[in-house]
Structure formats: structure tokens, C-alpha cells
Amino acid sequence: MDWPPFPCAAGMAPGSQKGFAMHRRRALVLFVNSVVALIGGGLSAILGAFALRPYKGAEGRWVRAGALADLTPHVPVARVLAISRQDGWYRERARETVFLVWDGGKALHALSATCTHLGCQVRWDVAATRFRCPCHGGVFDAQGNVVSGPPPRPLARVEARVDGGEGVLVRL
Amino acid sequence: MKRAFDWLQSRTGFRGARHALLDEPLPPGTGWFFTLGSVLLALLAVQLLTGAFLTLYYAPTPDHAYDSVRFIIGTVPGRLVRGLHHYGASFLVVALVLHMVRVVAFGSYKAPREATWLSGLALFGLVLAFSLTGYLLPWDQRAYWATVVTINIARLTPLGGDVVAGLLQGGAAIGALTLTRWYSFHVIFLPAGLVALIVLHLVLMRRHGISGPVRSHAGDATAFYPWQAARDTAVIAVVLVALCVFAWNGPPPLEGPADPSDSTYIPRPEWYFLGLFQLLKYFPGRWEVVGAMVVPGVVVALLVLLPWLDRGPSRDPRRRPLVVGAFAVGFAAVVGLTALGWRDRPQTAAAAQTWTLREIGGRRMSQASGCAKCHSPDGIADPLEAAPSTRGPEWLAGHVVDPEMIAPGLREPPAPAAEREVAAIVAYVRKLSRQAYPGFAAETETAATIYARHCIGCHVIDGEGGKDGPELSHIGAKRDLAYFTRLIADPEAVNPDAEMPGFRSRLSDADLKAIAAYLESRK
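Rules and cut-offs
Residues numbered from 1 in each chain as written. Chains lettered and ligands numbered in written order. Predicted model: local features only at pLDDT ≥ 70, side-chain atom pairs only at ≥ 80, totals over all residues. Heavy atoms only, no water. Helix = DSSP H or I, 4+ residues; strand = E, 2+ residues; numbered from the N terminus. Buried < 20%, exposed > 50% of the residue type's maximum accessible area, 1.4 Å probe, protein only. Lys, Arg positive; Asp, Glu negative; His and termini not counted. Charge placed at Lys NZ, Arg CZ, Asp CG, Glu CD. Contact = heavy atoms within 4.5 Å. Areas by Shrake-Rupley, 256 points an atom, 1.4 Å probe, with all protein chains shown as cover. Salt bridge = Lys/Arg side-chain N within 4 Å of Asp/Glu carboxyl O. Pairing = 2+ DSSP bridges. Domains from an automatic or database assignment. Buried area = accessible area lost by both parts, 1.4 Å probe. Polar contact = N/O pair within 3.5 Å; in protein donor to acceptor, adjacent residues only side chain to side chain. Disulfide = S-S within 2.5 Å. pLDDT = per-residue confidence, 0-100. Phe/Tyr/Trp six-rings, centres within 6.5 Å; stacked < 30°, edge-to-face > 60°. Lys NZ or Arg CZ within 6 Å of the ring centre and 35° of its normal.

(A) Here's a closer look at the overall build of chain B. Scanning chain B from terminus to terminus reveals 20 helices and 2 strands. Viewed in the frame of its principal axes, chain B has a C-alpha envelope of about 105 × 60 × 40 Å. Sorting the 523 residues of chain B into buried and exposed places 43% on the buried side. A distance of 13 Å separates the average location of the 48 positive side-chain charges in chain B from that of its 42 negative side-chain charges.

In C-alpha cells, the structure reads:
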């Protein structure tokens, strides 16, 4: 392409005021660069804050998970619960499995069915009275403690309570 | 540091690129008028950036678009980013027009810069296409109805109007297929074309150099950087600060969710289409195509041909009275039409006046029906007045009758317990989706509830209700409180031929007094 020749900086500011022109040039460069940096920085700050919008975990809600009468002491019972969960602008109807464990008296707790190793769903092995994870052989006891295998932590506890009479509520 | 740059220079030659990009020689006397192109570039960059970031959260489906936009503007950064994008479009149109005025006034379109002028016109068209397609995306009432009008205008295209409209609409009606289509145009096809055209425009601008001032000045050429760049930067800074002020002070409008069944909504275009909108009003009926296609077509054709219509060597506006005069007249016409369109815009009634009695009455009924059991801040659903419903009337009616049913339409709801209550609650919730509850006096709410439950079957108030009995909109001018109280309690005692049932047993004394007082207030 036949671009016109580029005059060099010295050629552009001829005459005795060359020193002054160079001084002015430096001031203008500083002005342009700092304003561009300001604009870029400001936009980046706004857009960054926008993109990194902090995720607000939803408050747990008490969800009905069946009746105490349906439970057998010391045998975990799986319950699939439908919960409504806010996911950004979307209200998701999620299903989550929890195990209810009742000691036959007043104590009741609930365990998440999600294996703490890689997130597969554990099952209750009635014969062995153990939770087993089908993926990598993690084994937990009825309290959710790790018995063997790769899981690093016990199964997550889910808040649970008996509602007045006989209803069981868990907080999800 | 210097060694690192030297290494980079040896591998990439970036200093040459910087030299080629920034050290463009400019004719002496190039001044502030020539900053508009850079302002446009900066504004386009802001649009591209904010637009790209908006797609992080936006979902282009009718079920979710509105909710996702509401979600975006739910935080300060989101409001700012959408504000910059929204007002940036208006700033762009203004800057484009000013740039064009400068080019015409300085005769910069003349040989050898005809191709630069044409690429600039194409860019103008692209920007308008951007604003049209972007307008639909929030999927609110404004967006929906403006798009209905746009597609119907496209249908006026002589020969193949239906094909063009079908291409824009995607499906049988404006809906999911239209939204994804316009989204795709807005974020993929148009930006690709825009970037290509900008590159072309800039390459052409550099190829011929900028036209410079009308009369040549004495002196040497100066480099773009930093001499002209400083002017550009100063103007850009002022413009962007103004844009931030807009984005900060006036969050862009988001009306109720799109409601194709709403026959009361009056569509309004964005302000820079108001002139065109106004023009259509002067060509009613079968002449509409003249306003929609012929006049704008002639204007575009004249602009395209301008470099060949004005071939004289002089660029001085004083020596081109015909072109400058004609352009000024055209420009004044556009401004005048826009001003007329602005003046003619429908006045929005005060919020409270648009609420019908049934809608007001629905509020009390929704409270009495226990909607708040789930629709509360800590319930499983959003409070009714916090989140506008995006559902249609059939869904809402099904849900009100049987709240467990979260997918009405899949099965029949049980027989409605109280049809009028359901209708009133649905009316209330649908009104809420368009307008926040303005608040009414407790007596008005009581009266509205009674009217929506007992009177609406036979009596019209403000155009709503059955016609078996007399209209009550202005009944207060004829009768007084005592009369209403006696009549409603026991109609036959007042008029032996009355067909209206008595309400003494069905209304409490307080309710009776409230509805009688309300009717008296209807002068």
C-alpha cells in the first residue's frame, strides 16, 4: 500500500520552539495515556464487578420429609425431596436425596446422600448396615462416618427436627 | 523493561505497528471537529464490551428473558452496565449524526473519498439495525409492542414484504423464534458486520488521509499521536462522563413483561425512530407505504448518491449552497418530525387511575385466600408484589384455584370455588406485573372487594362489569349515601319492582357503609 511517508517527531515541530514542542508533546502523551488508563480502569472495574457478581447462597428452608411413624430405629431411610431453589433469575425445582436416621427416641438426624469423595449418591446396604458409594467404593456407617475407601469426610449432616407431633422436617 | 520490549520488538515488530497506527500525519489546522470519529469508536467499544458482558446473564427465551434482565439490574454494577449499554446506543446515534453533519459541511465525501462515505452510511444503517434488534431483548411491554410495529412496517415492503417480515419474525407469531433470531442478529451477525465495516472505514480513511479543514492552513503536518489524540481523548472523556451520568441517574426503563393479550398498551419507538413513526401518521391507509418505504428510501438514495450529485471541486460550504441548504432542510425535517413525535406521545395516566375496581378488589381477596402462605419473603415463592408474574391468565386462574398445580394446562383444575374471586385475583396479579400497587384508601379497597365479589355481575363501573343493572360510574351525582344504604340492604323496600337481591344478610354493616360511601363518591 502506498501510505504517505511518516514525518518524524523532529520534523513536525520545526523552528526555535523545538524544545517547547517536545515538552508539550510529553505533557499531551501523559494526558492521553492517563485518560485512556482511567477509562479502561473504570470500565474494567464496573465490568469486573458485574461479571464476578457474588453468588448468594439461598437461605435454607424447612421442608417436610415424611412422618416419624414411617421410620424404623437405626435404619436410614432415603427421602427424595422436591425443593424450590433460586438459581440467579431462575427458580429451579430441584430434587435432593437425604437419609433420615432415627434412634427410636427423641434424636433424629439427616444425612446428605452425596458422597464426599466425588459427589456420587450413596445407597444404604441393609445387609451390611453401611452406606456404600457405587463409584469408588466409599463406605460410611449409619452415622455417616467414613469406614473405608477414599472419602475424605463424613457424609454431610442436614439439619432435621420433629415437628410438634409426628412430622419430620429437614432444612435444605 | 527496555530489554523486554526490545525482545518483543525483535520477535513481533510491534513498534512498527504502533508507528503505523498512531503516527499518521494530519494536515495542519485539523481541529476539534475531527474528533467525532474517535468518539464514535470509543462509544462502539463501550457498546461491544458492555454487550459482551451482558450476555453473561441474559437468556434469550420468552420464559426467561425478562427475568434475566430483572436479575441483571438487581445490583448496582448490573444497573450500570445495562445503563451504559442502553444510553450508549442513544449517544452513538447522536455522535453518528454529528459526524455525518461534519462530513457534509466540510464536503469530506468528495473524490477520492466516495467509498469512505458509502462505508460510513452502511455503518449508520448497521447501528440502527443494532438498536432495533436490541430493543426486543428485554422482552417487556415496550420491547414486544415496538417489535410488532417494526415487523408490520417491514411487511409493507413492496414485492416480498411477507418474506421480509417472515425472515424477521421467524415463527408464526412474535415469540420464542423471533427472540432467538433477533438475539443472534444482535450479538453475532451484526457485530461481525460492524467490525468488518469499521476496519474498512478506517483503512479507507488512512488510505486517502483525512480531508482536513476546508481551506488549507500554512504549516507542517502533525502526527496524530499525541497532538490530535489529545483532542480526541479530551472529547471522549467528556462524552463518557456524560454517559456515566445518564447510566447512574436514570436506570433504563423496564416495563411489565411482554403481554400479547394486552390491548391497552400503546407502542412507542425509541426516540431516534420517532421521526419515522411520526411520518407514518401523515400517510394513512394504502399510502402508508409512502411514509414507511418511499420517503426514507429517497432520502437514503440521495445520501448514497451525494458524492456524485455534488462533484464541484470546492469543499467550502459557502460555495455549495444547494447541497448544504438541502441537507439543512432535510436535517430540520427530521428534527421537526422527531419533536412532533415527542409532543404527540401518549400521556401515561397517573398509575392509580389505571387500576380498575376488580384489580383493586383482587388484593384483599388474595390476602384472604392465603396466597401469602407461599408468596412471602421466607416462603417457597416470591411475594406477589415483589416479582411480577410472567404467566398468562389461564395459568394464573388454574394456579389460584389449585395452588399445588404448578403446571396448569397439564390437567384440569377442580371446579372453581368462587369464580369472581378467581377472576379478581388474576386481574390483580396481572395488573401487578405491569405496575406496582399504588396504594388505595382502606375504604376504597373494601368497596372494591365488595364490588368485585357481588356487584360486578350486573353493574358497570369504568367500563367493566355486567350490563343487566344500571351503570354506576357516576351514580353519586344522582343519589346520596342514605339512599344507597337502604337500597343495597333491601331493594324492594325502596322500589317494589327492583330485581336486585337484598344484601342485608350478606354484608356487614361496615361493608354496607363502605360500598354506599364509595358509590356516593362516584360523581
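From this point, things continue past the structure.
(B) Layout of the overall build of chain A. Along its length, chain A carries 2 helices and 11 strands. When the helices and strands of chain A are placed in sequence order, the string is α-α-β-β-β-β-β-β-β-β-β-β-β. Counting every position in chain A, which comprises 172 residues, the buried fraction comes to 30%. Counting contacts in chain A only where the partners sit at least 6 residues apart, residues at least 24 apart contribute 44% of the total. Just so you have it, chain A exposes about 10,300 Å², and 57% of that area is on carbon and sulfur atoms.

(C) The pattern of salt bridges, seen in detail. All names here are of chain B. Across all of its chains, the model carries 16 salt bridges over all chains by this definition. Measuring nitrogen to oxygen at the nearest pair gives 2.6 Å for the salt bridge that ties Arg522 to Asp462. With Arg522 in the segment after helix H20 (509-521) and Asp462 in the loop between helix H17 (442-455) and helix H18 (481-489), this pair connects stretches of sequence that are 60 residues apart. Under the relative-accessibility criterion, Arg522 is labelled buried at 14%. One connected set of salt bridges, linked through shared partners, spans Lys2, Asp6 and Arg15.

(D) Summary view of the sheet that holds strand E3 (residues 90-102) of chain A. All names here are of chain A. Taking strand neighbours across the sheet as the criterion, the 4 strands line up as E2-E3-E4-E9 in an open arrangement whose pairing is antiparallel. Where the open sheet ends on each side, the last strands, each with one partner, are strand E2 (77-87) and strand E9 (157-158). Alignment of E2 against E3, held across 11 bridges, turns out to be antiparallel. The residue bridging Val80 from the neighbouring strand is Thr97, located in E3.

(E) Molecular detail of the domain arrangement of chain A. When its domains are assigned, chain A resolves into domain 1 (9-51) and domain 2 (62-171). Averaged C-alpha coordinates put domain 1 of chain A and domain 2 of chain A at centres separated by 63 Å.

(F) Structural context of the pairing of E3(A). Residues and elements named next belong to chain A. Taking the residues between adjacent antiparallel strands as the criterion, E2 and E3 are bridged by 2 residues, where Gly88 takes a positive phi near 65 degrees. Here E3 runs beside strand E4 (residues 108-112); their pairing, made up of 5 bridges, is antiparallel. Its bridge partner being in E4, Leu100 is matched across the sheet by Ala110. Two successive antiparallel strands, E3 and E4, enclose a turn made up of 5 residues, where Gly104 displays a positive phi of approximately 90 degrees.

(G) Highlighting the sheet that holds strand E8 (residues 146-148) of chain A. All names here are of chain A. Spatial strand order, E5-E6-E7-E8: 4 strands in an open sheet with antiparallel pairing. Edge positions in the sheet fall to strand E5 (123-125) and E8, since each has one partner strand and no second. In the sheet, strand E7 (residues 139-140) pairs with E8 via 2 bridges, with the strands oriented antiparallel. Following the sheet pairing, Phe140 is matched in E8 by Val146.

(H) Molecular detail of the pairing of E4(A). All names here are of chain A. The buried fraction of E4 is high, at 5 of 5 residues. Note that E4 and E9 share 2 bridges and pair antiparallel. Counterpart to Leu111 in the pairing with E9 is Arg157.

(I) Seen up close, the domain arrangement of chain B. Here chain B is partitioned into domain 1 (29-214 + 223-343), domain 2 (351-466) and domain 3 (474-523). Placing a centre on the C-alpha atoms of domain 1 of chain B and another on those of domain 3 of chain B gives a separation of 59 Å.

(J) Examining the interface of chain B and chain A more closely. If you look at the interface, chain B gives 47 residues, while chain A gives 34 residues. When the two sides are added together, the surface that chain B and chain A hide from each other amounts to roughly 3,600 Å², 74% of it contributed by carbon and sulfur. Broken down residue by residue, the surface that chain B buries against chain A is led by Tyr57(B), Phe71(B) and Trp227(B), which jointly contribute 17%. The interface formed by chain B and chain A holds 0 salt bridges in total. Between chain B and chain A we count 3 residue pairs in polar contact (both at pLDDT 80 or more) in total. Counting residues per element, the ones that place at least two in the side of chain B that touches chain A are helix H2 (14-22), helix H3 (36-54), helix H4 (65-72), helix H5 (76-105), helix H9 (176-208), strand E2 (222-223) and helix H10 (224-249) of chain B. Here the element with the most residues in the side of chain B that touches chain A is H10(B); it accounts for 10 residues.

(K) Region of the structure containing the side chain of Arg142(B). Residues and elements named next belong to chain B. For Arg142, the location among the structural elements is in helix H7 (residues 141-154). Lacking a salt bridge, the buried Arg142 has Glu270 as its closest oppositely charged neighbour, with an N-O distance of 4.1 Å. For Arg142, the side chain forms a polar contact with the side chain of Tyr135, separated by 3.1 Å. Not counting chain neighbours up to four residues away, the residues in contact with Arg142 comprise His86, Tyr135, Pro253, Glu255, Tyr265 and Glu270.

(L) Spotlight on the state of the cysteines. Scanning all chains against the criterion turns up 1 disulfide over all chains. Between Cys120(A) and Cys135(A) runs a disulfide, and the two sulfur atoms are separated by 2.0 Å. Taking the sign of the S-S torsion, -100 degrees for the link of Cys120(A) and Cys135(A), the bridge is left-handed. Taken together, the residues span a long stretch of sequence, with Cys120(A) in the loop between E4 and E5 and Cys135(A) in the loop between strand E6 (130-132) and E7 at a distance of 15 residues. Residue classification places Cys135(A) among the partly exposed positions, given a relative accessible area of 38%. Looking at the unpaired Cys455(B), the closest cysteine sulfur is the one in Cys458(B), lying at 9.0 Å.

(M) Molecular detail of the environment of Ala78(A). Its location among the elements puts Ala78(A) in strand E2. Measuring from C-alpha to C-alpha, the distance between Ala78(A) and Ala65(A) comes to 9.7 Å, with 13 residues separating the pair along the chain.

(N) Molecular detail of the confidence of the model for chain A. Residue and element names in this part refer to chain A. Mean pLDDT over chain A: 82, with 86% of residues reaching 70 or higher. Of all secondary-structure elements in chain A, the lowest mean pLDDT belongs to helix H1 (residues 9-12), at 44, while E7 reaches the highest, 94. Note that residues 1-16 has pLDDT below 50 and, in this model, 24 contacts with residues that lie over four places away or in other chains.

(O) The arrangement of the packing of aromatic side chains in detail. One pass over the full model with this rule turns up 22 aromatic pairs over all chains. With a centroid separation of 5.0 Å and 85 degrees between ring planes, the pair formed by Tyr144(B) and Trp145(B) is classed as edge-to-face. A ring pair is formed by Trp355(B) and Tyr428(B), whose centres lie 6.4 Å apart and whose planes are at 55 degrees; its orientation type is tilted. Of this pair, Trp355(B) sits in the loop between helix H13 (321-343) and helix H14 (357-368) while Tyr428(B) is found in helix H16 (residues 419-434), placing the two residues 73 residues apart along the sequence. In terms of burial, Trp355(B) and Tyr428(B) fall into one category: buried. Across the ring face of Trp62(A), the terminal group of Arg161(A) is positioned such that the distance to the ring centre comes to 4.5 Å.

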